[in-house]
Amino acid sequence: MKYLQTFIFISLLSSMSLALQAKESVIIETTAGDITLELDDQKAPVSVQNFLAYAVSGFYNGTLFHRVIKDFMIQGGGFTTAYQRKTTNTAIKNEANNGLKNHKYSIAMARTGNPHSATSQFFINTKDNGFLNFSRESGNGWGYAVFGKVTKGFNVVDAINQVSTGSGGPFRSDAPKEQVVIKTVRIIGKDKPATAKK
């Protein structure tokens, strides 16, 4: 009986450990193919919940990867196909000091020169961009908050990275000449768009 109780206890601990380690996975469905992401809500809870909240509302549906700089990053989540900037929610705090790095295929929050100005826009690094990492809580040292990574669809990211760019909307040179549209963002295993945790 003692051995059975010990086995059950160890099994419960193992299950709890797996649950704690589990990360939300989402699919960004685009006209160039699907990109699967693993989101790290343990290290970047605010950024992950922010991203999922936009996904839940359908905000990302029909938006563009509007800015592509080859061998640097691909950026999306803020403009319609007519290059109209979408109205966003309140900006979130910068979580770039969470230990996650802007390595190739990581996803991070885009922002302005204000370190705490990120809203809906995000970018996927297409090479290791160490200069975007957190170094100090002042000026450029804040860096850009990574909140997940690509786990499938690397070829799609690579293909978007290679697109021909030019002028489009407010962008003089970095807009894809053939638009790459985000159809939707959804949690894996669910038919409907992603739902944020409460």
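Just above, that's the structure.
Residues numbered from 1 in each chain as written. Predicted model: local features only at pLDDT ≥ 70, side-chain atom pairs only at ≥ 80, totals over all residues. Heavy atoms only, no water.

Examining the overall build of the protein
- For the protein, the helix and strand inventory stands at three helices and 11 strands.
- The secondary structure elements of the protein, listed N-terminal to C-terminal, are α-β-β-α-β-β-β-β-β-β-α-β-β-β.
- Looking at the protein as a whole, 46% of its 198 residues qualify as buried.
- Long-range contacts, defined here as pairs at least 24 residues apart, represent 67% of the contacts in the protein between residues at least 6 apart.
- Split by element, the accessible area of the protein, about 10,500 Å² in all, is 53% carbon and sulfur. (Helix = DSSP H or I, 4+ residues; strand = E, 2+ residues; numbered from the N terminus. Buried < 20%, exposed > 50% of the residue type's maximum accessible area, 1.4 Å probe, protein only. Contact = heavy atoms within 4.5 Å. Areas by Shrake-Rupley, 256 points an atom, 1.4 Å probe, with all protein chains shown as cover.)

A look at the side chain of Asn94
- Note that Asn94 resides in the loop between strand S5 (73-76) and strand S6 (106-109).
- The exposure class of Asn94 is buried, given its relative accessible area of 8%.
- Polar contacts involving the side chain of Asn94 include one to the main-chain amide nitrogen of Ala96, which spans 2.8 Å.
- Looking at Asn94, its side chain comes within polar contact range of the main-chain oxygen of Gly143, at 3.1 Å. (Polar contact = N/O pair within 3.5 Å; in protein donor to acceptor, adjacent residues only side chain to side chain.)

Here's the deal with the environment of Lys152
- In this structure, Lys152 sits in strand S8 (residues 146-152).
- Along the primary structure Lys152 and Glu38 are separated by 114 residues, whereas in three dimensions their C-alpha atoms are 9.3 Å apart.

Some details on the pattern of salt bridges
- Tallying each qualifying case throughout the model produces three salt bridges.
- Linking Glu38 and Lys149 is a salt bridge whose minimum nitrogen-to-oxygen distance equals 4.0 Å. One end of the pair, Glu38, is in strand S2 (residues 33-39); the other, Lys149, is in strand S8, and 111 residues separate them in sequence.
- Overall, the relative accessible area of 24% leaves Glu38 in the partly exposed class.
- Classification of Lys149 by relative accessible area gives partly exposed; the value is 44%.
- As a salt-bridge pair, Arg67 and Asp174 come within 4.0 Å of each other at their nearest N and O atoms. Taken as a pair, Arg67 in strand S4 (residues 67-69) and Asp174 in strand S10 (residues 171-176) lie far apart in primary sequence, 107 residues in all. (Salt bridge = Lys/Arg side-chain N within 4 Å of Asp/Glu carboxyl O.)

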